[in-house]
Amino acid sequence: MTYSKTITTERLILRKPQASDEAAQFAMHADPEVMRYFSEPPWTDAGRAARQIAEDIAAFEQEECFRFAIELKATGEYLGSCSLFSEHRQNRRAEIGYALGRPYWGNGYMHEALSALIEFAFIERDLNRLEADIDPNNAGSASALERQGFNKEGFLPERWIVGGQVSDSVLYGLLRREWEARRKGAA
């Protein structure tokens, strides 16, 4: 089965990754500023992007993980990615993750992409709960989640060890009923 879900917003296209994303994806993941709060160090092997894209395409087609490439509609540029993963069908929950290339920070692209991803999760995938795990020092990510209505729900000390650095996690959650109430209030 080939799953080819594409989501279009005002300025963006969220689509299945493709081989032509390799150079831009590698550049983004090799940037220490982008990777500062990631659960892995900056990429140094250019082949990593090709392998990641191949894994992402296979997972996308099997509906195991949806790592959408974020493309700027006007130019076709690869801006970053947003993901729905670790989906638990019985409990109707999943996690989200995201990354945006540094040249695109501060333009509202991630807010637009996350809004579309969350709608996909709650409507298309019929989920009841979304979760995100971020570094407590990542103020930009915390702001992005809170703007979407996510609530800070927990703190896990020393959860990750990345490049020899121990870091904590803050857990965020968003319930479908809270998301629906926010949408009704905005209408």
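Small disclaimer: the values here were computed from a predicted structure and weren't measured.

Peer 1: Give a description of the packing of aromatic side chains that names residues and reports values.
Peer 2: In the structure shown here, the tally under the stated rule is six aromatic pairs. What links up through ring pairs into an aromatic cluster is the set Phe60, Phe66, Phe68 and Phe120.

Peer 1: Before we move on, could you go through the environment of Gly47 and cite the residues and values that matter?
Peer 2: Here Gly47 lies in helix 2 (residues 47-61). Accessibility expressed as a relative area gives 26% for Gly47, which makes it partly exposed. As for Gly47 and Ala23, which are separated by 24 residues in sequence, their C-alpha atoms are 9.7 Å apart.

Peer 1: Describe the pattern of salt bridges, naming the residues involved and giving the relevant values.
Peer 2: Scanning the model with the defined rule gives 20 salt bridges in all. Put simply, Asp126 and Arg176 hold a salt bridge, and the shortest N to O gap is 2.7 Å. Highlighted residues: Asp126 in the loop between helix 3 (109-124) and strand 6 (129-134) and Arg176 in helix 5 (residues 176-186), separated in sequence by 50 residues. The class of Asp126 is partly exposed, set by a relative accessible area of 35%. Using a relative accessible area of 15% as the deciding quantity, one classes Arg176 as buried.

Peer 1: Could you give me a rundown of the pairing of strand 2 (residues 12-15), with the residues and numbers involved?
Peer 2: Of the two faces of strand 2, the one lined by Leu12 and Leu14 and the one lined by Ile13 and Arg15 are each fully buried. Counted along the chain from strand 1 (residues 7-8) to the antiparallel partner strand 2, the turn is three residues long. Of the strand pairs in this sheet, strand 2 and strand 3 (residues 66-72) are connected by four bridges, and their pairing is antiparallel. Note that in strand 3 the partner of Ile13 across the bridge is Glu71.

Peer 1: Requested: an account of the environment of Phe122, with residues and values cited.
Peer 2: Relative to the helices and strands, Phe122 resides in helix 3. Among the residues examined, Phe122 registers a relative accessible area of 0% and is labelled buried. In this structure, the C-alpha to C-alpha distance between Phe122 and Trp179, residues 57 residues apart in sequence, is 8.8 Å.

Peer 1: Before we move on, can you summarise the sheet that holds strand 3 with the specific residues and values?
Peer 2: On the basis of which strands lie adjacent, the open sheet formed by eight strands has the order 1-2-3-4-5-6-8-7 and mixed pairing. Of all strands in the sheet, those with a lone pairing partner are strand 1 and strand 7 (151-162), marking the two edges. Here strand 3 pairs with strand 4 (residues 78-88) via six bridges, running antiparallel. Paired with Phe68 across the strands is Cys82, a residue of strand 4. Sheet strands in contact with helix 3 are strand 1, strand 2, strand 3, strand 4, strand 5 (93-100), strand 6 and strand 8 (165-175), and its direction is about 30° off that of strand 4.

Peer 1: Give me unusual backbone geometry: which residues, what numbers.
Peer 2: At Asp126, a residue that is not glycine, the phi angle is positive and equals roughly 55°. Of note in this structure, Glu158 is not a glycine but carries a positive phi near 50°. Mapping Glu158 onto the fold places it in strand 7.

Peer 1: With reference to specific residues and values, describe the environment of Ser169.
Peer 2: The residue Ser169 is located in strand 8 in this model. Sequence-wise, Ser169 and Asp56 are 113 residues apart; in three dimensions their C-alpha atoms are separated by 24 Å. Setting aside residues up to four positions removed in sequence, Ser169 forms contacts with Asp133, Ile134, Pro136, Gly154, Phe155, Leu156, Arg159 and Trp160. Within the structure, Ser169 has its side chain in polar contact with the side chain of Trp160 (distance 3.0 Å).

Thresholds, definitions, all that
Residues numbered from 1 in each chain as written. Predicted model: local features only at pLDDT ≥ 70, side-chain atom pairs only at ≥ 80, totals over all residues. Heavy atoms only, no water. Phe/Tyr/Trp six-rings, centres within 6.5 Å; stacked < 30°, edge-to-face > 60°. Helix = DSSP H or I, 4+ residues; strand = E, 2+ residues; numbered from the N terminus. Buried < 20%, exposed > 50% of the residue type's maximum accessible area, 1.4 Å probe, protein only. Salt bridge = Lys/Arg side-chain N within 4 Å of Asp/Glu carboxyl O. Pairing = 2+ DSSP bridges. Contact = heavy atoms within 4.5 Å. Axes fitted to C-alpha atoms, helices over the stretch in contact; angles between N-to-C directions. Polar contact = N/O pair within 3.5 Å; in protein donor to acceptor, adjacent residues only side chain to side chain.

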